[in-house]
Amino acid sequence: MAEPKLAVCRKNRSSSERKRRRALVQPVAASSPMARKRPSSDGEGPPAEAPFSNDSEEDMFGDYDSFYGNDSLIAQVADIEHKYLQDKNIDVKAAGEIVLGNLQSGVHQKEQDNFSASQNVVVLKSDKEGACQMCDSDPADGNQELAESVLDDLPSSQLLCFEKMDELPSASRTSPISEGRNECVNSFSDKIRDPLSYAGAEHRDRPTDSSSRSKCVLFKSESLKDHLKSAMTGNARAQTLQVSKTKQLKEAVLSEEIFVARKAIESSSLDIGPFYGLPSKVKELFRQLRGIETLYEWQHDCLMLESLQQRKNLIYSLPTSGGKTLVAEIIILQELLCRQKDVLMILPYVAIVQEKVRGLSSFGIELGFLVEEYAGSKGRFPPIKRRIKKSLYIATIEKGHALVNSLIETERINDLGLVVVDELHMLGAGSRGAVLEITLAKILYTSKKTQIVGMSATLNNVGDLQKFLQAEYYTNNFRPVELKEYIKIRDTIYAVDSKTQNGFAFSRLLNFKYSSNLEKADPDHIIALVTEVIPKYSCLIFCPTKKNSENVASMVSKYLKKEFRAHKEKEKQDLIKNLKSIGNGTVCPVLKQTIPFGIAYHHSGLTNDERKSIEEAYSAGVLCLLACTATLAAGVNLPARRVILRAPYVGNDFLKKSQYKQMTGRAGRAGIDSAGESILIVQEKDKHLVQDLVHSPLENCYSNLLLELTKGMQSLLLSLVGLKIAVTHEEVDNFMCCTLLGVQQQLLSKEKSFSEIIKDGLENLIEKGLLKGGISEKDHNSKSTLTITPLGKATYKGSIDLAYCNILYRELKKGLEGLVLESNLHLLYLSTPYDMTSTCSPDWMIYLRQNVDNAVVNRFYLTFVLYTLLKETNIWSVSEKFNLSRGYVQNLLNSAASFASCLLHFCEELEEFWVYKALLMELTKQLTYCVKTELIPLMEVAGVLEARAKQLYNAGYKTLAHLANANPETLVRMIEHLSRRQAKQIISSAKMLLSEKAEALQEEVEELLKVPTDIPGIH
Ligand SMILES: Nc1ncnc2c1ncn2[C@@H]1O[C@H](COP(=O)(O)OP(=O)(O)OP(=O)(O)O)[C@@H](O)[C@H]1O
Ligand SMILES: [Mg+2]
């Protein structure tokens, strides 16, 4: 029985050392499942959790085995090597053959190895009786794998290793992938040889070898085992696990194709290779994972645009469901694989970021790039610099901005080859739009090489946006499923038809028989409209308010016939059971009543876990009707056969055209429905307004830099100086002309010139003590420079709203005099977000009767809510106790976690606050997770919320490694309400996270061992 040498080496590292090392690479802001939670008050939150995308049911992990299996192979090779390489006459090629031959006969030996994994550390146990067992794989699967030839099991990098030995004298051309792999193999084998790292342990374990001289002759510096070991390590890092022969071949073709594609793209030829310059494997992946066989014609045309191939910036606009994402993803893959640059993808909501991370992780694993999540309090600033793999950062608007700032600050902005912005019309969306504008303006100004691609379904004043982004424009009216728009007035349905005089054409009379009771309960005939489609097809009803959506769901279920209960009865009972376990024994009474009929409401008052369960049940057809608010329309992928707009209002405001488009755009499922229809319920009094609504053009997109000065213009000016992007008044003026506001400056009131507005902003910052320097006319001419003060730096680094930075400083300073550390109440008060105080109305009469500052009272009230939450870790009981909606409590928790992490960054910049650092780091973690500690590692995986984490934990999946190596079939079997597709996505996300963590550790080792070039006295 061979000794598990590599495993022993690794095992020798003490657990405390491992912990220390892990701690070193932890991001300052705790990485968290924050992103799974409700929208925070800074806007960085989801309107709703997104479901999984429409992936195919193909088993994309079928070819993979656990990486741990490789250790047994190493052991066998060591054994065989030891046995055969005694013979001095053996040549390299023969050695390879012998090894392979013996491996094949060594299958049985492999069966006697027993593996176990502890976090990222591989431990190989020798177990005499033990059968071969992967840490999570099904025994049956294991046996089946063992029946395969070991040669088939060889990862391709090992095969390459044999090939390499075969071709030792003639170094042939290497493709980028093998180049990368060789690089990583070499660097790792260096480490193996390095006495500081592994050699000591290896020498201890290896029997004294009399044939070492002959080996030297044969292999120059490395033994065959070293070759294999390093190849396997490189292989593991590349996340290419054991593969079949076909897979090896495919991989070889892939690397060759990437090489050719790179060359083609470099030569800017119009003929760009098999699949838009990408390997045909990419096409295969889109087919397997997304069910996409061919591209739509417009997608092809768009990708073939000459301007795109010349890497010009691009805006493209198509109706909802037009398939815009696919084009963006192909452009992203070109950048990552062919141009070898990092990519930033900006999406509007946390839930959508997570959906994308889950969806693209499998591409990352297959094609060898990293997918990094930047949402909620997840993400590292600056990002880890990867030596080999390229990174795709998927970020919310706010995190995207922080990421770009950190790249500019560390002079790495040029590493970013491409920035993709989905829902580009968000530029006009209040203070979040301002942050997006600031981000894009900074990229445009600091990195001429970074390409920007933006897309949207609802753009109007494209000219302004083109000018701002210096971009080309592509548009098309394509929609794969036709959308038929109707309005309903009383009992008549009219088709929206711009050709008719009043814009509407009679379509039909609604066919219904209502009792007088029902007529009273449902005067708008919602039941008649929905029963035309459900339960066979799905239906969404957009309602103006949260309360209304609950009422509609309740009303419809009350009057539906009993037969509706029979449809998918068991699944609906399961859903209620699931919701009950999520709510620690309680289910919302409305949902309890509506779900048996296949109906639910959906709005921001649900907890993340509830929302996710409801969305999944709707996607799976268990629920057929959701009564929802406008938040569901914002990008989440929950299409329906029929979309009903309960009234042309969102809250008290009349519907905007873009909102109307987004809501109606949910109708019609590509590839499933042949048609989609929307019906807007209109009261006679609103008829004219609705006429305008459906026929007017989309709203223009205007800059929001001046909307909320402290979040827009002033915060931009502060960071321009802080990042040294522009440090004189003149430079600042120049920069500002490149913003969307600069492009639209003629729309500003004539009272003040653009330059005067900028000057006012700078003066204000100087007054607040955030900037230093002069900006008078004289200074302007003499180009005197502006500098940032420590408080200014802390403010922009902590992304603190300028409106609160002074008060925050004062409160922290006061805290130094007497911070109460008996409990975390004082710290929690400091971390309670200022901007949420206006949303709180404490039921606290005694205090209100005193003459106290309302803002302080409100904030302290919220602090109590947080305090109770951290103690009880139960959103339901806390919301009951404080008489707040559970969605609000969840939102408060998310905002506080985000704010605590901002506070931490703020304190890091100010020496006097050093003491807060450690305290806030811990508090941020507590707020971020607010769950039992053992669930934290599982909740790091995108899309695993508390309820799912509990299930997984109870089923024995306790660490990231357990999930990354799980077998999808076993997972589905063991975890209730988990589809195969979801299981596979959880596994691929866990694999990606694990690989990212391992990379980070390796980068750190490299960095530590790097010999400085400036050692005194050594040239
Ligand atoms: N070529 C294609 N063949 C088949 N299905 C496709 C194709 N392209 C995209 N789809 C599918 O169409 C659906 C809608 O695509 P996508 O989400 O990209 O739309 P969109 O244009 O971004 O719409 P929205 O503006 O609503 O976000 C997705 O389920 C996607 O997988
Ligand atoms: Mg889209």
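Residues numbered from 1 in each chain as written. Chains lettered and ligands numbered in written order. Predicted model: local features only at pLDDT ≥ 70, side-chain atom pairs only at ≥ 80, totals over all residues. Heavy atoms only, no water.

A. Summary view of the packing of aromatic side chains. Across all of its chains, the model carries 19 aromatic pairs by this definition. Centroid distance Y374 to F381: 5.5 Å. Interplanar angle 65°. Geometry classified as edge-to-face. Taken together, the ring pairs in this structure connect F275, Y276, F286 and F363 into an aromatic cluster. The ring of Y445 has K448 lying over it, and the distance from NZ or CZ to the ring centre is 5.8 Å. The aromatic ring of Y834 is capped on one face by R859, whose charged end is 3.9 Å from the ring centroid. (Phe/Tyr/Trp six-rings, centres within 6.5 Å; stacked < 30°, edge-to-face > 60°. Lys NZ or Arg CZ within 6 Å of the ring centre and 35° of its normal.)

B. Structural context of unusual backbone geometry. In this structure, the amide linkage connecting F381 to the following residue, P382, adopts the cis form with an omega of -10°. Mapped onto the fold, P382 is located in the loop between strand 5 (370-374) and strand 6 (391-395). Look at the link from I534 to P535: it is a cis peptide, with omega at 0°. In this fold, P535 is placed in the loop between helix 23 (526-531) and strand 13 (539-542). The backbone of E411 shows a phi angle near 55°, a positive value even though the residue is not glycine. Relative to the helices and strands, E411 is located in the loop between helix 19 (397-409) and strand 7 (416-421). Overall, E411 belongs to the exposed group, its relative accessible area being 74%. Phi is positive for K724, which is not a glycine, with a value near 60°. With respect to the helices, strands and loops of the structure, K724 is situated in the loop between helix 31 (713-722) and helix 32 (729-737). Note on K724: relative accessible area 67%, which makes it exposed. (Helix = DSSP H or I, 4+ residues; strand = E, 2+ residues; numbered from the N terminus. Buried < 20%, exposed > 50% of the residue type's maximum accessible area, 1.4 Å probe, protein only.)

C. How the structure looks around helix 30 (residues 687-695). The complete set of buried residues in helix 30 reads V690, Q691, L693 and V694. What you see down the axis of helix 30 is that its buried residues fit within an arc of 165°, all on one side. In helix 30, the exposed positions that point more than 90 degrees away from the buried face belong to H688 and D692. Buried-residue contacts for helix 30 involve strand 10 (482-489), strand 11 (492-496), strand 12 (504-509), strand 18 (653-654), helix 29 (657-664) and strand 19 (675-682). (Arc of directions from axis to C-beta. Contact = heavy atoms within 4.5 Å.)

D. Main features of the nonpolar core. With 153 residues, the main nonpolar core has Y316, L440, M736 and L927 as its most contacted residues. Counting residues per element, this core draws most heavily on helix 42 (residues 886-908), which supplies 13 residues. Of all hydrophobic cores here, the second largest spans 69 residues; its members include I487, I526, I541 and F564. (Core = buried A, V, L, I, M, F, W, Y, C linked by side-chain atoms within 4.5 Å.)

E. Fine view of the pattern of salt bridges. Enumeration over the complete set of coordinates arrives at 35 salt bridges. For R386, the salt bridge is made with E372, and the minimal N-O distance between the two is 3.2 Å. Placement of R386 in the loop between strand 5 and strand 6 and of E372 in strand 5 is noted, with a sequence separation of 14 residues between them. Look at R386 and you get buried, because its relative accessible area is 9%. Relative accessible area serves as the criterion here: at 2%, E372 is assigned to the buried category. Ionic pairing is found between K547 and E550, a salt bridge with its closest N-O pair at 3.9 Å. A residue pair is termed a helical-turn pair when its members lie 3 or 4 positions apart in one helix, as K547 and E550 do in helix 24 (residues 546-559) at three residues. Accessibility expressed as a relative area gives 54% for K547, which makes it exposed. Via salt bridges that share partners, E409, K793, K797 and E909 belong to a single interconnected network. (Salt bridge = Lys/Arg side-chain N within 4 Å of Asp/Glu carboxyl O.)

F. Seen up close, the confidence of the model for the chain. Of all residues in the chain, 71% have pLDDT values of 70 or greater, and the mean over the chain is 75. Confidence over residues 1-243 falls short of pLDDT 50; this stretch has 481 contacts with residues more than four positions distant or in other chains. (pLDDT = per-residue confidence, 0-100.)

G. Structural view of the environment of K488. With respect to the helices and strands, the residue K488 is situated in strand 10. Once the C-alpha coordinates of K488 and I681 are considered, the two residues, 193 residues apart in sequence, prove to be 4.9 Å apart. Residues in contact with K488, not counting those within four places in the same chain, are I493, L510, D524, H525, L529, I679, L680, I681 and V682. There is a polar contact of 2.7 Å between the side chain of K488 and the backbone oxygen of R490. From its side chain, K488 meets the backbone oxygen of D524 in a polar contact 3.1 Å long. (Polar contact = N/O pair within 3.5 Å; in protein donor to acceptor, adjacent residues only side chain to side chain.)

H. Here's a closer look at the pairing of strand 8 (residues 451-456). Summarising burial for strand 8: six of the six residues are buried, a large majority. Where strand 3 (residues 313-317) lies against strand 8, four bridges are found, and the strand directions are parallel. Bridge pairing in strand 8 places L314 opposite V453. Direction of pairing for strand 7 relative to strand 8: parallel, over a ladder of four bridges. Considered in strand 8, the bridge of L418 is made with Q451. One crossover worth recording links strand 7 to the parallel strand 8 by way of helix 20 (residues 430-446), and it is right-handed. (Pairing = 2+ DSSP bridges. Right-handed = clockwise from strand over helix to strand, strands pointing away.)

I. Looking closely at the sheet that holds strand 13. Taken in spatial order, the eight strands make up an open sheet running 12-11-10-19-16-13-15-14, and their pairing is mixed. Edge strands, defined here as strands with exactly one partner in the open sheet, are strand 12 and strand 14 (599-602). Adjacent strand axes in the sheet meet at a mean angle of 25°, parallel and antiparallel pairs treated alike. Against the sheet, helix 28 (residues 608-619) contacts strand 13, strand 14 and strand 15 (625-628), and its axis sits at roughly 135° relative to strand 14. Running at roughly 145° to strand 16 (residues 642-645), helix 29 makes contact with strand 10, strand 13, strand 16 and strand 19 of the sheet. (Axes fitted to C-alpha atoms, helices over the stretch in contact; angles between N-to-C directions.)

J. Representation of the sheet that holds strand 4 (residues 342-346). Ordered in space as 5-6-4-7-8-3-9, the seven strands form an open sheet in which the pairing is parallel. For this open sheet the edge positions go to strand 5 and strand 9 (471-475), each flanked by a neighbour on one side alone. On average, each strand axis in the sheet is tilted by 15° relative to the strand beside it, whichever way the strands run. Looking at chain direction, strand 3 and strand 9 are connected through five bridges and run parallel. Across the sheet, residue L314 finds its bridge partner in strand 9, namely E472. Where helix 18 (residues 350-367) meets the sheet, its contacts fall on strand 4, strand 5 and strand 6, and the angle it forms with strand 5 comes to roughly 170°.

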